[in-house]
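# Inside the fold
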Amino acid sequence: MRNSSNMFDLNGKIALVTGGGSGLGQSNAIALAKAGASIMVTDIDFKKAENTRKKILEFSRNAYSFKCDISSIHEINDLVDETIKRFGKIDILLNSAGITPDQEPILEMREDNWDKVMDVNLKGTFFTCQSVLKKMILREKGRIINMASASGLVVNYQSPHIAPYCASKAGVILLTKALAVEVAPYKITVNAISPAYMKTQMTDMKWEKDKEDYLKKISMLPVGRAGMPEELNGLVIYLASDSSAFMTGSNIVIDGGLTCW
Ligand code: NAD
C-alpha cells in the first residue's frame, strides 16, 4: 500500500480502455492518464480512439490507439498482443465499450437486435476480460472495471423496450462477481460500475431530438439532472489504484438516485 499522500497514484501503470473513443470511456481514459497511467485507447471507430489519444498527448502522457471490435475474439486477442508489444504489461482493464439496442417490445424483438447487443455488451466484455486475464494472472496483479448499468438492476419505465440491454448489463454485474471469485487468488480485482443517464453520445443523440422525452427521463432522477461523464472519474481511479485491493466483485451504482424509488 502506498502512503496516504498518493493513494490514487497510477504512475507506471498501463491501462487498456475499450470504447475509449467517446463518452464515459474517453473521460475515464483521460482521467486515468492524468493520474499517471499510460493508456491503450481502443474503439471500434479508430478515428474516435485516435482523437482520445491526441487529447491525452496534450499533457504528455504515453498513449496509443488501436481499432478493435470487441464482439470479435480474434480482434480482442490482437488488441491484447499489441498492448503487450507496446507497453510490456496490462495493469488496468476498463471495459467501457457498449451499445443500446433498437427499442422493440418483447413480442417484436428481432434476433439480430438481441444478438448484436449481447455480442458487444456481454460476450465482448467477457472475452476481453479472458484475454487480458491470461496476462494479468502471470504477474499476479491487476484491476478490471466493467461498465454495467442501472438498467442491469431495475427496469425503468421511462426507457422501455430495451430488454436485451437490461439482460446484457445484469449479465455484466454477475459476470463481474464470477470473475472476481475466480481470479481473487491472483490478487486481481474485478468490479462493476452501474451508471444511469450520463450525458454522452449514447444518450444525447436521442435527448437532443426529443426534449420532452429528456425531461421525462430526468424526472426519474431525484437529483433532477443528467450525470456528466467526469462524475465517474474519481471512482474509476480508485478502482484502478492500489487503494481498492480489498474491494472485488462489487457493483457500484452512480445513478443520481434512479434506483432509490
Ligand atoms: P458512447 O456511445 O458515448 O461510447 C461507447 C463507445 O463504445 C463508442 O465510442 C463506440 O464506438 C464504442 N463501441 C461500440 N461498439 C463497440 C465494439 N463492438 N467494439 C469496440 N467499441 C465499441 O456511450 P457511453 O455512454 O460512453 O457508454 C459507455 C458504457 O457505459 C457502455 O457500456 C454503456 O452501456 C454504459 N452506460 C452508459 C450510460 C449512460 O447514461 N451514458 C448509463 C449506463 C451505462
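For the structure itself, consult the block above.
Just so it is clear, the structure is predicted and the values come from calculations on it, not from any experiment. (Residues numbered from 1 in each chain as written. Predicted model: local features only at pLDDT ≥ 70, side-chain atom pairs only at ≥ 80, totals over all residues. Heavy atoms only, no water.)

## Observations concerning helix α5 (residues 163-183)
Between its first and last C-alpha, α5 extends 30 Å over 21 residues, near the 30 Å set by a 1.5 Å rise per residue. Those residues of α5 lying buried are P164, Y165, C166, S168, K169, V172, I173, L175, T176, L179, A180 and V183. (Helix = DSSP H or I, 4+ residues; strand = E, 2+ residues; numbered from the N terminus. Expected span 1.5 Å × (residues − 1). Buried < 20%, exposed > 50% of the residue type's maximum accessible area, 1.4 Å probe, protein only.)

## Some words on the side chain of N121
Here N121 lies in helix α4 (residues 111-139). The buried category is assigned to N121, whose relative accessible area is 0%. Those residues in contact with N121, other than ones at most four positions away along the chain, are G98, I99, Y165, S168, K169 and V172. (Contact = heavy atoms within 4.5 Å.)

## Focus on the layout of surface pockets
Size it by volume and the largest pocket reaches roughly 1200 Å³. For the lining of the largest pocket, the secondary-structure elements that each account for two or more residues are α1 (23-34), β2 (38-43), α4, α5, α6 (201-209) and α7 (211-218). By residue number, the principal contributor to the lining of the largest pocket is α6, which donates 6 residues. Class assignment of the residues belonging to the lining of the largest pocket gives a composition of 22 nonpolar, 19 polar and 9 charged. Reported here for the second largest pocket is a volume of approximately 160 Å³. F126, Q130, L133, K134, I137, L179, E182, V183 and Y186 are the residues that line the second largest pocket. Counting only elements with at least two residues in the lining of the second largest pocket, the list comes to α4 and α5. When its residues are assigned to classes, the lining of the second largest pocket shows 6 nonpolar, 1 polar and 2 charged. (1 Å grid on protein atoms, 1.4 Å probe; cavity = no way out; pocket = protein on both sides within 12 Å on 5 of 7 lines; lining within 4 Å. Points joined across faces, edges and corners; volume = space filled by probe spheres on them. Nonpolar A, V, L, I, M, F, W, Y, C, P; charged D, E, K, R; others polar.)

In short, geometric facts, not functional conclusions.
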